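Spelled out from the first residue to the last, the chains are:
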Amino acid sequence: MTFDLKNIEQLLHDCKTEEAISALKLAVTRLEGNDKAQAYYLLGLAYQKLSNWKDAITNYCHAMEINPDSPAAEAYKAAYEILEFFNHDLYNP
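Presented here is an overview of the structure given in this document. Fair warning: this is a prediction, and the values are worked out from it, not measured in the lab.

1. Concerning the overall build of the protein chain
Along the backbone of the protein chain there are five helices and zero strands. Its helices and strands taken in sequence order, the protein chain reads α-α-α-α-α from the N to the C terminus. Here the protein chain, with 93 residues, has 38% of them falling under the buried criterion. In the protein chain, once contacts between residues fewer than 6 apart in sequence are set aside, the share between residues at least 24 apart is 46%. If you sum the accessible surface of the protein chain, you get close to 6,100 Å²; carbon and sulfur atoms cover 52% of it.

2. What about the environment of T58?
Its place among the elements puts T58 in helix 4 (residues 53-66). When its relative accessible area of 35% is taken as the criterion, T58 is described as partly exposed. For the pair formed by T58 and Y76, sequence separation is 18 residues and the distance between their alpha carbons is 9.1 Å. Side-chain polar atoms of T58 contact the backbone oxygen of K54, separated by 2.8 Å.

3. Some points on the packing of helix 2 (residues 17-30) against helix 3 (residues 33-49)
Following both chains from N to C, one finds helix 2 and helix 3 inclined at 150 degrees, their axes separated by 9 Å at the closest point. Comparing their axes, helix 3 and helix 2 come out roughly antiparallel. Considering how the two elements wind past one another, helix 2 and helix 3 form a crossing that is left-handed. For the pair helix 2 and helix 3, the contacting residues are T17, I21, L24, K25, A27 and V28 in the first and K36, A39, Y40, L42, L43, A46, Y47 and K49 in the second. Residues belonging to the contact of helix 2 with helix 3 are distributed by class as follows: ten nonpolar, one polar and three charged.

4. Overview of the nonpolar core
Residues L5, L24, L31, A39, Y41, L42 and Y60 are the most contacted members of the largest nonpolar core, which totals 27 residues. When contributions to this core are tallied by element, the ones reaching two or more residues are helix 1 (5-13), helix 2, helix 3, helix 4 and helix 5 (72-85). The greatest single-element share of this core, amounting to seven residues, is contributed by helix 3. In this view, L31 contacts F3, L5, K36 and A39; residues no more than four positions away in its chain are not counted.

5. Quick word on the pattern of salt bridges
In total, this model carries two salt bridges according to the counting rule given. The partner of K54 in a salt bridge is D55, with the nearest N and O atoms 3.7 Å apart. Looking at K54, the relative accessible area reads 63%, which means it is exposed. Given the relative accessible area of 24%, D55 is considered partly exposed. Between E74 and K77 there is a salt bridge, and its shortest N-O distance comes to 3.6 Å. You can see E74 and its partner K77 sitting in helix 5, three residues apart, about one turn around the helix. With a relative accessible area of 52%, E74 lands in the exposed category.

Quick notes on the rules
Residues numbered from 1 in each chain as written. Predicted model: local features only at pLDDT ≥ 70, side-chain atom pairs only at ≥ 80, totals over all residues. Heavy atoms only, no water. Helix = DSSP H or I, 4+ residues; strand = E, 2+ residues; numbered from the N terminus. Buried < 20%, exposed > 50% of the residue type's maximum accessible area, 1.4 Å probe, protein only. Contact = heavy atoms within 4.5 Å. Areas by Shrake-Rupley, 256 points an atom, 1.4 Å probe, with all protein chains shown as cover. Polar contact = N/O pair within 3.5 Å; in protein donor to acceptor, adjacent residues only side chain to side chain. Axes fitted to C-alpha atoms, helices over the stretch in contact; angles between N-to-C directions. Parallel < 35°, antiparallel > 145°, perpendicular 65-115°, else oblique. Left-handed = near helix turned anticlockwise from the far one by under 90°. Nonpolar A, V, L, I, M, F, W, Y, C, P; charged D, E, K, R; others polar. Core = buried A, V, L, I, M, F, W, Y, C linked by side-chain atoms within 4.5 Å. Salt bridge = Lys/Arg side-chain N within 4 Å of Asp/Glu carboxyl O.

If you want it as structure tokens, here you go:
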């Protein structure tokens with residue numbers, strides 16, 4: 001089975017996030033090299049769309065381990081900036 005990451009990326013753009021996540025979870029088990037890094041990056045984006053920050057950051061890290069120049073590096077930084085923006089004092093009254 002081949003995985004067309006462009007088609008999976010289109011699923012994300014079409015707001016078919018759950019379908020994209022299912023395809024990407026399978027893709028990361030079968031792809032190698034930069035394609036695997038790209039799949040992890042897209043999986044991170046999918047989780048970020050669902051505001052699942054833990055899984056988003058985890059997948060960005062997997063992508064960066066494979067390819068440090070992956071766009072996941074910028075997505076990782078952006079995710080942390082978003083998380084740092086929240087007022088943590090509101091969580092601990």
